[in-house]
Amino acid sequence: MKLKKMVIVATVLAGLIAIPLASAYAADGAQPASSALTDANGNAVNGNAAATAPQSGGGFMEVVFGKPGNRSIVGMLLWFALFGDGILAIYFCIDSNILIKPEKLMPQRLIDQVQNAMAEGDIIAAIEACKNTPSAMSNILMAAFTHIEDGYETIQEAVTAASDLEQEKLMQRLTWISVCSNLGPSLGLLGTVQGMILTFDQLSSGPAPQPSELAGSIGMALWTTAAGLIVSIPSITMFYSLRNNANRRILRMTAVTMEFLNSLRNVEVAAEGAEEA
């Protein structure tokens, strides 16, 4: 279900990006007929003068798709890969931020119910509260309650193991942000290498090209590098921020669990008291 949601979000966002890009690409080579017959002041010029008139750059669309007559399929694929990487990074950041919210990891309702049950020494009620409110906190508490008859040291080991397991589950989700942040510079570097290859290919293919002819390939190399860093820097920042928040909340859950269990040292369990009666 989560993978399906991710695919849907990525497809919608990619479509929102691709539609205007495709429209700009289709209109890139279209030139009004009247512009070929007039100069900047509106005066009529002959066809040869219009053909030799300087043309302005195509902006970012030209960087992505290349100049007319010099399109690069590999360059386009790199740019779409960078867009996709950025979209996935945003998705995983939002998903992870929701995942580590306190109300998701340690619901206050669960804490209140377990606290009330422990105050009465009723382990059965505490276990039922954990079963009715699934969360990372309930998993840690259940690990402790499962070993309630094995001694305090065993309980501590069980709580530590459960905390490590919950931390690993969170890290597996957060790691996808790190993957996206590492892919950004790698894709940018690949674009840089491709731009350099195109530049040297132009230099070796015949007479020395004009600087303006080389500028497109060099510009693509620099733009892809910049785009990769734009994706990577916020992603890695979010990854470490979310990871630190997750670690703090796991430690908090472990501490709360041990506080609950400390009361068991001198409290008679209600179920055991009922059996003795």
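Rules used throughout
Residues numbered from 1 in each chain as written. Predicted model: local features only at pLDDT ≥ 70, side-chain atom pairs only at ≥ 80, totals over all residues. Heavy atoms only, no water. Buried < 20%, exposed > 50% of the residue type's maximum accessible area, 1.4 Å probe, protein only. Helix = DSSP H or I, 4+ residues; strand = E, 2+ residues; numbered from the N terminus. Arc of directions from axis to C-beta. Contact = heavy atoms within 4.5 Å. Polar contact = N/O pair within 3.5 Å; in protein donor to acceptor, adjacent residues only side chain to side chain. Axes fitted to C-alpha atoms, helices over the stretch in contact; angles between N-to-C directions. Parallel < 35°, antiparallel > 145°, perpendicular 65-115°, else oblique. Left-handed = near helix turned anticlockwise from the far one by under 90°. Nonpolar A, V, L, I, M, F, W, Y, C, P; charged D, E, K, R; others polar. Patch = residues over 30% accessible without salt bridge, like charges linked within 9 Å, V, L, I, M, F, W, Y side chains within 5 Å. Areas by Shrake-Rupley, 256 points an atom, 1.4 Å probe, with all protein chains shown as cover. Salt bridge = Lys/Arg side-chain N within 4 Å of Asp/Glu carboxyl O. Phe/Tyr/Trp six-rings, centres within 6.5 Å; stacked < 30°, edge-to-face > 60°. Core = buried A, V, L, I, M, F, W, Y, C linked by side-chain atoms within 4.5 Å. Expected span 1.5 Å × (residues − 1).

(A) Just helix α7 (residues 123-132), in detail. Of the residues making up α7, those classed as buried are Ile 123, Ala 126, Ile 127, Ala 129 and Cys 130. One face of α7 carries all of its buried residues, which in axial projection span an arc of 155 degrees. Across α7 from its buried face, at more than 90 degrees, point the exposed residues Lys 131 and Asn 132. Looking at the buried positions of α7, the neighbouring elements they touch are α6 (108-119) and α8 (136-146). The residue sitting at the N-terminus of α7 and contributing the capping side-chain oxygen is Asp 122; that oxygen lies 3.3 Å from the backbone nitrogen of Ile 124.

(B) Expanded view of the packing of α6 against α8. Direction vectors running N to C along α6 and α8 enclose 25 degrees, while the axes themselves pass 11 Å from each other. Classified by the interaxial angle, the pair formed by α6 and α8 is roughly parallel. Read as a crossing pair, α6 and α8 show a hand that is left-handed. For the pair α6 and α8, contact is made by Leu 110, Val 114 and Met 118 and by Met 137, Ser 138, Leu 141 and Phe 145, respectively. Looking at the contact of α6 with α8 residue by residue, the class counts come to six nonpolar, one polar and no charged.

(C) Region of interest: the side chain of Glu 166. The topology assignment puts Glu 166 in helix α9 (residues 152-204). Other than its neighbours up to four places away in sequence, Glu 166 contacts Ala 136, Asn 139, Ile 140 and Ile 250.

(D) Broad picture of a nonpolar patch on the surface. The grouping of Met 196, Phe 200, Leu 203, Ile 218 and Leu 222 at the surface amounts to a nonpolar patch, some 470 Å² of accessible area in total. Among the secondary structure elements, those contributing two or more residues to the nonpolar patch are α9 and α10 (211-262). Top contributing element to the nonpolar patch by residue count: α9, with three residues. With respect to the helices, strands and loops of the structure, Leu 203 is situated in helix α9.

(E) Spatial organisation of the packing of aromatic side chains. If you walk through the whole model with that rule in mind, you get five aromatic pairs. A ring pair is formed by Tyr 91 and Phe 92, whose centres lie 5.4 Å apart and whose planes are at 70 degrees; its orientation type is edge-to-face. Each member of the pair, Tyr 91 together with Phe 92, is buried. Here the aromatic rings of Phe 239 and Tyr 240 are separated by 5.2 Å at their centres, their planes lie at 70 degrees, and the arrangement is edge-to-face. For Tyr 240, a relative accessible area of 41% corresponds to the partly exposed category. Put simply, the rings of Trp 79, Phe 80 and Phe 83 touch in pairs and so form one group of aromatic residues.

(F) Spotlight on the nonpolar core. Within the largest apolar cluster, 42 residues are counted, with the highest numbers of intra-cluster contacts made by Val 114, Met 137, Leu 141, Phe 145, Met 253, Phe 260 and Leu 261. Going through the elements one at a time, α4 (73-99), α6, α7, α8, α9 and α10 are the ones with two or more residues in this core. In contact with Val 114, not counting residues within four places along its chain, are Ala 126, Ala 129, Cys 130, Leu 141, Phe 145 and Phe 260. Of all hydrophobic cores here, the second largest spans five residues; its members include Leu 78, Trp 79, Leu 187 and Ala 227.

(G) Broad picture of the pattern of salt bridges. Summed over all chains, the structure comprises two salt bridges. Note that Asp 95 and Arg 173 form a salt bridge whose closest N and O atoms lie 2.7 Å from each other. One end of the pair, Asp 95, is in helix α4; the other, Arg 173, is in helix α9, and 78 residues separate them in sequence. Residue Arg 173 is classed as partly exposed on the basis of its relative accessible area, which comes to 22%.

(H) Expanded view of the side chain of Ser 232. Looking at the secondary structure, you find Ser 232 in helix α10. When residues no more than four places from it in sequence are discounted, the contact partners of Ser 232 are Ser 181 and Pro 185.

(I) The arrangement of the packing of α7 against α8 in detail. Contact geometry for α7 and α8: axes closest at 9 Å, N-to-C directions at 150 degrees. In this structure, the crossing between α7 and α8 has a hand that is left-handed. For the pair α7 and α8, the contacting residues are Ile 123, Ala 126, Ile 127, Cys 130 and Lys 131 in the first and Ser 138, Leu 141, Met 142 and Phe 145 in the second. For the contact of α7 with α8, the residue count by class is seven nonpolar, one polar and one charged.

(J) Inspection of α6 at higher detail. Across its twelve residues, α6 extends 16 Å between first and last C-alpha, which sits within 8% of the 16 Å expected from 1.5 Å per residue. For α6, the set of buried residues is Leu 110, Ile 111, Val 114, Ala 117 and Met 118. The arc that holds the buried residues of α6, viewed along the axis, is 135 degrees, so those residues lie on one side. A positive phi of about 70 degrees marks Gly 121, the residue just after α6.

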